[in-house]
Amino acid sequence: MASEPQLEIIKGAKVLMVGAGGIGCELLKTLALSGFQDIHIIDMDTIEVSNLNRQFLFRQCHVGQSKAKVARDAVLRFRPQINITPYHANVKDPEFNVDFFKQFNVVLNGLDNLDARRHVNRLCLAAEVPLVESGTTGFLGQVTVHAKGKTECYECQPKPIPKSYPICTITSTPSKFVHCIVWAKDLLFAKLFGDKNQENDLNVHSGDADNSSKQMEDVFIRSLDENLEEYGRKIYDHVFGYNIEIALTNEETWRNRKRPTPIYIRDVLPENLPGQNGNLENCTNEGSPVSAMSSLGFKNSQDVWSLAESSKIFLEALRLFFEKRDKDIGNLTFDKDDQLAVEFVTAAANIRASSFGIPMHSLFEAKGIAGNIVHAVATTNAIIAGLIVIEAIKVLKDDCKNYRMTYCLEHPTRKMLLMPVVPFEANKSCYVCSETPLLLEINTHSSKLRDFIEKIVKSKLGMNCPLIMLGSTLIYEVGDDLEEDVAASYNRNLDKVLAELPAPIISGTIVTIEDLQQEFSCNISIKHRQAPDCLDASESIWLTNSSGRFIDGFPTETNR
Amino acid sequence: MEMDGEELTAQETALYDRQIRVWGADAQRRLSKSHILVSGLSGTSVEFCKNIVLAGVGSLTLMDDRSVTEDALQANFLIPPLESEYGGRSLAELCCESLKDFNPMVRVSVVKGDLAQFDGEFFDKFDAVVVSGCTYNTKKAVNEKCRKRSKRVAFYAVECRGSCGEIFVDLQNHSYVQKKSNAAAECILNYPSLEEAIMMPWKGLPRKVTKLYFALRVIEKFELFKERNPGELSVSDLSDVLKLSKELCEAQSLSESHIPVALLERLLAAGSREYPPVCAILGGILGQEVIKALSGKGDPLKNFFYFDTADGKGVIEDISNQSANSADGKAVRVDVANISEC
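The written sequence of each chain sets the order in which its residues are numbered from 1. Chains and ligands are labelled by the order in which they are written, letters from A for the one and numbers from 1 for the other. With the structure being a predicted model, the display of local features is reserved for residues of pLDDT at least 70 and the display and counting of side-chain atom pairs for 80 or more, all residues being used for whole-chain, interface and lining totals. Hydrogens are left out, water is left out, and the side-chain values use all remaining heavy atoms of the structure.

### A few points about the overall build of chain B
Piece 1. Helix and strand labels come from DSSP, where a helix needs a run of H or I of at least four residues and a strand needs a run of E of at least two; each type is numbered from the N terminus. Regarding its fold elements, chain B presents 13 helices and eleven strands.
Piece 2. Radius of gyration: over C-alpha atoms. The globule rule applied is 2.2 Å multiplied by the number of residues raised to the 0.38 power. Relative to the compact-globule value of 20 Å for 342 residues, chain B shows a C-alpha radius of gyration of 20 Å, a close match.
Piece 3. If one aligns the C-alpha atoms of chain B with their principal axes, the spans along those axes are about 60 × 60 × 40 Å.
Piece 4. As displayed, chain B offers around 14400 Å² of accessible surface, 48% of which is attributable to carbon and sulfur atoms.
Piece 5. All tallies of charge rest on Lys and Arg as positive and Asp and Glu as negative; His and the ends of each chain are not included. All charge positions are set by atom: Lys at NZ, Arg at CZ, Asp at CG, Glu at CD. Distance between charge centres in chain B, computed from 41 positive and 49 negative side chains, equals 5 Å. Only the protein chains shown count as cover for residues, with accessible areas throughout obtained via the Shrake-Rupley method and a probe of 1.4 Å.

### Topic: the sheet that holds strand E13 (residues 520-528) of chain A
Residues and elements named next belong to chain A.
Piece 1. Paired strands are those between which DSSP finds at least two bridges. Within the open sheet, the six strands sit side by side as E11-E10-E12-E13-E9-E14. Their pairing is mixed. Strands with a single pairing partner mark the edges of an open sheet, and in this sheet they are strand E11 (473-477) and strand E14 (542-544). For this sheet, the mean inter-axis angle between neighbouring strands, taken without regard to orientation, is 25°.
Piece 2. Relative to E13, strand E9 (residues 438-442) runs parallel, the two sharing five bridges. Counted as the bridge partner of Leu439 is Ser525 from E13.
Piece 3. It only takes one pair of heavy atoms within 4.5 Å for two residues to be counted as in contact. Note on geometry: axes are C-alpha line fits, over the in-contact stretch for helices, and angles between N-to-C directions span 0 to 180 degrees. Strands in contact with helix H17 (residues 449-460) are E9, strand E10 (466-470), E11, strand E12 (510-515) and E14; relative to E10, the strand with the most contacts, it is inclined by about 120°.

### Describing the pairing of strand E5 (residues 131-137) of chain A
The two faces of a sheet get side chains in turn, since along a regular strand they alternate between them.
All names here are of chain A.
Piece 1. Exposure categories follow from relative accessible area, calculated using a 1.4 Å probe and restricted to protein chains: below 20% of the type maximum is buried, above 50% is exposed, and the middle band is partly exposed. With five of seven residues buried, E5 lies mostly within the body of the structure.
Piece 2. In this structure, strand E4 (residues 106-109) lies alongside E5, joined through two bridges in parallel fashion. Paired with Val107 across the strands is Leu131, a residue of E5.
Piece 3. Bridging between E5 and strand E6 (residues 140-146) involves seven bridges; their strand directions are antiparallel. Looking across to E6, one finds that Leu131 is bridged to His146.
Piece 4. In this antiparallel pair of consecutive strands, E5 and E6, the connection spans two residues, and Gly138 shows a positive phi of 55°.

### What to know about the pairing of strand E2 (residues 59-63) of chain B
Residue and element names in this part refer to chain B.
Piece 1. Counting buried positions along E2 yields five of five residues, so the element is predominantly enclosed.
Piece 2. By the alternation rule, side chains of E2 split into Ser59, Thr61 and Met63 and Leu60 and Leu62, which are all buried.
Piece 3. Across five bridges, the pairing between strand E1 (residues 35-39) and E2 is parallel. Bridge pairing in E2 links Leu37 to Thr61.
Piece 4. With helix H3 (residues 43-55) bridging E1 and the parallel E2, this β-α-β connection has right-handed handedness.
Piece 5. In this structure, E2 lies alongside strand E3 (residues 107-110), joined through four bridges in parallel fashion. Each bridged residue has a counterpart across the sheet, and for Leu60 the counterpart in E3 is Val108. Seen with the strands pointing away from the viewer, any crossover whose path from the first strand over the helix to the second strand runs clockwise is right-handed.

### Considering the domain arrangement of chain B
All names here are of chain B.
Piece 1. What counts as a domain boundary in this text is fixed by an automatic or database domain assignment. By domain assignment, chain B separates into domain 1 (10-197 + 273-338) and domain 2 (199-270).
Piece 2. Spacing between the C-alpha centres of domain 1 and domain 2 amounts to 25 Å.
Piece 3. On the side of domain 2, 24 residues touch domain 1, which itself brings 28 residues to the contact.
Piece 4. Throughout, buried area stands for the accessible area (probe radius 1.4 Å) lost by two parts on being put together, summed over both. Around 2100 Å² of area is buried between domain 1 and domain 2 when both sides are counted, 60% of it from carbon and sulfur atoms.
Piece 5. When the buried area of domain 1 at its contact with domain 2 is split by residue, Arg161, Tyr306 and Ile319 rank highest and sum to 28% of it.

### Section: the side chain of A:Ser291
Residues and elements named next belong to chain A.
Piece 1. Note that Ser291 resides in the loop between helix H11 (265-268) and helix H12 (292-296).
Piece 2. Ser291 gets classed as buried once you look at its relative accessible area, which sits at 5%.
Piece 3. A polar contact of 3.2 Å, which involves the side chain of Ser291, links it to the backbone nitrogen of Met293.
Piece 4. Polar contacts, as counted here, are pairs of nitrogen or oxygen atoms within 3.5 Å of one another; within protein the pair requires one atom able to donate a hydrogen and one able to accept it, and residues that are adjacent in sequence qualify only if both atoms are side-chain atoms. Within polar-contact distance, the side chain of Ser291 engages the backbone nitrogen of Ser294 at 3.1 Å.

### A look at the environment of B:Phe304
Piece 1. Counting through the fold element by element, B:Phe304 comes out in strand E9 (residues 304-308).
Piece 2. Ignoring sequence-local partners within four residues, the contact set of B:Phe304 consists of B:Glu166, B:Ile167, B:Phe168, B:Ala197, B:Tyr213, B:Arg217, B:Val315, B:Ile316, B:Glu317 and B:Ile319.

### Digging into the interface of chain A and chain B
Piece 1. Listed as interface residues are 51 residues of chain A and, on the opposing side, 52 residues of chain B.
Piece 2. The junction of chain A with chain B conceals about 4400 Å² of combined surface from both sides, 65% of it contributed by carbon and sulfur atoms.
Piece 3. Throughout this description, the term salt bridge denotes a Lys or Arg side-chain nitrogen within 4 Å of a carboxyl oxygen of Asp or Glu. The interface formed by chain A and chain B contains three salt bridges.
Piece 4. Among the ionic pairs, A:Lys29 bridges to B:Glu47, the shortest N-O distance being 2.5 Å.
Piece 5. Our enumeration of links across chain A and chain B arrives at 17 residue pairs in polar contact (both at pLDDT 80 or more).
Piece 6. Elements represented by at least two residues in the side of chain A that touches chain B include exactly helix H2 (22-33), helix H15 (363-370), helix H16 (378-396), strand E7 (405-413) and strand E8 (416-421) of chain A.
Piece 7. The element contributing the most residues to the side of chain A that touches chain B is H16(A), with ten residues.

### Brief notes about the environment of B:Ser295
Residues and elements named next belong to chain B.
Piece 1. Mapped onto the fold, Ser295 is located in helix H12 (residues 276-295).
Piece 2. Residues Ser295 and Gln28 lie 267 residues apart in sequence; the distance between their C-alpha atoms is 7.3 Å.
Piece 3. In contact with Ser295, not counting residues within four places along its chain, are Ala27 and Arg30.

### Some details on the pattern of salt bridges
Piece 1. Tallied over the entire structure, the rule returns 44 salt bridges over all chains.
Piece 2. The partner of A:Asp73 in a salt bridge is A:Arg72, and the shortest N-O contact between them spans 3.2 Å.
Piece 3. Linked by salt bridges that have partners in common, B:Lys139, B:Glu159, B:Glu166, B:Arg217 and B:Glu220 make up one network.

### Looking at the packing of aromatic side chains
Residues and elements named next belong to chain A.
Piece 1. When two rings of Phe, Tyr or Trp (its six-membered ring) have centres within 6.5 Å they constitute a pair, described as stacked for plane angles under 30 degrees, edge-to-face for angles over 60, and tilted for the intermediate range. Summed over all chains, the structure comprises 34 aromatic pairs over all chains.
Piece 2. The interplanar angle of 55° and the centroid separation of 6.2 Å between the aromatic rings of Phe189 and Phe344 together place this pair among those described as tilted. Linking Phe189 in helix H7 (residues 177-193) with Phe344 in helix H14 (residues 339-355), this pair joins segments that are 155 residues apart in sequence.
Piece 3. Phe344 gets classed as buried once you look at its relative accessible area, which sits at 0%.
Piece 4. Our definition puts a charge over a ring when NZ of Lys or CZ of Arg is within 6 Å of the ring centre and also within 35 degrees of the ring normal. Sitting over the face of the ring of Tyr154, Lys159 holds its NZ or CZ atom 4.2 Å from the ring centroid.

### A few points about the packing of H3(B) against helix H6 (residues 91-102) of chain B
Residue and element names in this part refer to chain B.
Piece 1. Between H3 and H6, the least distance of the axes is 9 Å, while the angle of their chain directions is 35°. The element H3 and its partner H6 pack so that their crossing is right-handed. Here H3 contributes Val46, Cys49, Lys50, Val53 and Leu54 to the contact with H6, which in turn contributes Cys95, Leu99 and Phe102.
Piece 2. The class makeup of the residues in the contact of H3 with H6 is seven nonpolar, no polar and one charged. Crossings are assigned a handedness: left-handed for a near helix turned anticlockwise from the far helix by less than a right angle, right-handed for a clockwise turn. We call Asp, Glu, Lys and Arg charged. Ala, Val, Leu, Ile, Met, Phe, Trp, Tyr, Cys and Pro are nonpolar, and the rest, Gly among them, are polar.

### Re H2(A)
All names here are of chain A.
Piece 1. What a helix is expected to span follows from its residue count: subtract one and scale by 1.5 Å. Along its twelve residues, H2 runs 18 Å from first to last C-alpha, staying within 8% of the 16 Å computed at 1.5 Å per residue.
Piece 2. Across the twelve residues of H2, twelve count as buried, placing the element largely inside the fold.
Piece 3. For H2, the complete set of buried residues consists of Gly22, Ile23, Gly24, Cys25, Glu26, Leu27, Leu28, Lys29, Thr30, Leu31, Ala32 and Leu33.
Piece 4. Looking at the residues trailing H2, positive phi occurs at Gly35, about 105°.

### Section: the confidence of the model for chain A
Residues and elements named next belong to chain A.
Piece 1. On average, residues of chain A score 89 in pLDDT, and 91% of them reach the 70 mark or higher.
Piece 2. Below pLDDT 50 for its whole length, residues 204-215 participates in nine contacts with residues either more than four positions away or in separate chains.
Piece 3. Scored from 0 to 100, pLDDT reflects the predictor's confidence in each residue. Of the regions scoring below 50 in pLDDT, residues 554-560 engages in 20 contacts with residues more than four places distant in sequence or in other chains.

### As for the confidence of the model for chain B
Residues and elements named next belong to chain B.
Piece 1. Across chain B, the average pLDDT comes to 90, with 92% of residues at 70 or higher.
Piece 2. Confidence drops under a pLDDT of 50 for residues 324-329, and excluding neighbours within four residues, the segment shows five contacts in the predicted structure.
Piece 3. Confidence estimates for the predicted assembly give a pTM of 0.89 and an ipTM of 0.93.

### Here's the deal with the packing of H7(A) against helix H13 (residues 307-324) of chain A
Residues and elements named next belong to chain A.
Piece 1. Remark: H7 packs on H13, axes separated minimally by 11 Å, with the N-to-C direction vectors making an angle of 35°. The chirality of how H7 crosses H13 is right-handed. Contact residues: Leu188, Phe189, Leu192 and Phe193 in H7; Phe314, Leu318, Phe321 and Phe322 in H13.

Now the structure itself:
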């Protein structure tokens, strides 16, 4: 129970919350009830309908508005005297620099992506402000405390990498439904509706076929007088029929695998006549989004469609894109909240799955996979919020001996549903908080500076605005205030291979990389290494810390 | 709210998308047909109400005729802070108004009166009853009434005293399907009544049952003897409470040290105040439990849950005949294939 001196400490504290979503709403409410009077909250998102099952400070009428601002208004209604400062902004914005973080006694994260968590971790280390981290998925959750010099930082322990699949599994040998989803979303959908200029492995197939590749490109181009229905059937037959036939010609691939079946529209929908597919009347309601399911009379997103039904929806969705959303074509990226896109991807994935003997899935399930949707409920967030406040108060009292990492379990361990664990000490090989150097083995004669920056500095090392130096020579930096000729020379450097830079990055050199905003600096020892021919470029990078552990990074773009 | 046959409406599917991905559409449908009664609107039970309304139950009925107090304003985020807004209205009325806003698809209403005065038939309306802040005798009486109904009425009692709290669960005979990898097994859990649980001899309980269990039983008994309402005690009662603690331990052949003085003191000092982080934790656990019981999905806890800020643990204690006999008091598992007609 809060004692008098404890109440005083709480009243005088200045707290930063990062995130006003599932955890954020519960946390803001509990902080306010617990006596906190000066709370700042950063969130770049706006409110969506699917948030309302748990982000209880928001109402239907708030959809589209800033989460940070609406959360603040809602809490002020029952605690009008306290100060809540909302920021509708990205925590990675330059205004949230080390000086900004230094004004707080503790930082509380309620984020949903690793990228932002790493960024905040570094700022908290630089500002020397303790960080209480947290996360929830369904019934599981955890709260962890990170205090510089006393405990591990957030990056001391490796975090699980989001699953990615080898390209050949996606293009040639899928064995799980998720492989079909990735194919439908990142290849087929992208090819049909996305940026025409992007590289696309849709037509990669086993065996060298540069000539036929050229021919295949033409299939996707729709001539002006080409009937939409015909075009749709042509695409269908090409990706589900012809491409599979081609793949089957490589015996080696299928020696130990189940052979796929080519699928042609005439076999699945023999009575497929133009005009029979859809009722345009159904989808021209004002305000209702274009939907193949509505058009064809499919109501339940939990139903698993048959091959014939998936095929109907595939063709109808394709037709609707061209007919009703032609302006979007050429610019679209998959968005889980785009009903028609989800219908198309589900249908396409199902047909491909059928071809490969993989069980088909409902739209509801497919949407979750394609959209990387995190399942979430209010109760877990409420529990975690309570635990965060308890740790935050320990931090304010400097009660380090009692800091705990607490795990919220779905099934009890030794009778415990909430399990506290004493935090570990900092990892001496952590390149983030212990400032130990890294070792990079890379082909310095074939890797360009641009790749080095994208794949290593930004992706693996999580830096946003890097500055790269060799000794005292600046090789690259970002900034608005760079002089033209300086910026130009940096740009030229991007396309040079490492060994040919004005200050060559070769075996034996040590590169210093800094992110001024994160106030984070890192030294990397370089060693030239020639990769075996069978490895592709992105796999010929070996980055390890001082105890030999690989540094695995995350893509900088996160699926929201 | 109207139900379109058996299917979830488009509105429900959109709103409940993220939680349907946790417990499935069937469970969501069952929740939308469930009716809950909450008596005693404390900081903790109000957290529970928020959770259960967001989850999308059919209806929530609130019972609490008391007026707003300082303590209520402290821990209850559903009450408007100005006297001009809350004056003249009961806690139930105020909370009802706020809760309706959280989910327009849930029917939230108020019933006036004292919980103890309602007869058994009243409880037929509900699938689950949650009581907070009532005396042991009332808890016992309501629990017994619930157990006498022909349809199962789940019973929960929740208490937050300062920085710790307790949840009691009685699902009578609860059968549910437990999914483990590819196999599904039908499990049956048998819950004792509140009285049966409390009467379990202390000596026979598994070793290392949390001290909170015993401490709360002492305070409960003290309140009973002195005819005081929960939360009306204070540190000035400490010496009397310690005397009772000693007597009870002797009667139960348990060492007095089993119930630390410091713990009893902490509980008394709390009075009727609730620590908001603990309200959130208890309200969250209780919410999960009620959802599991109503949907028939997931292992419900049996039969007590404790949280104490001092050690940060959230612990389940099985205080029942099964725990005294079996090693771990686990659910009786019956493989679906082997069930025969009785």
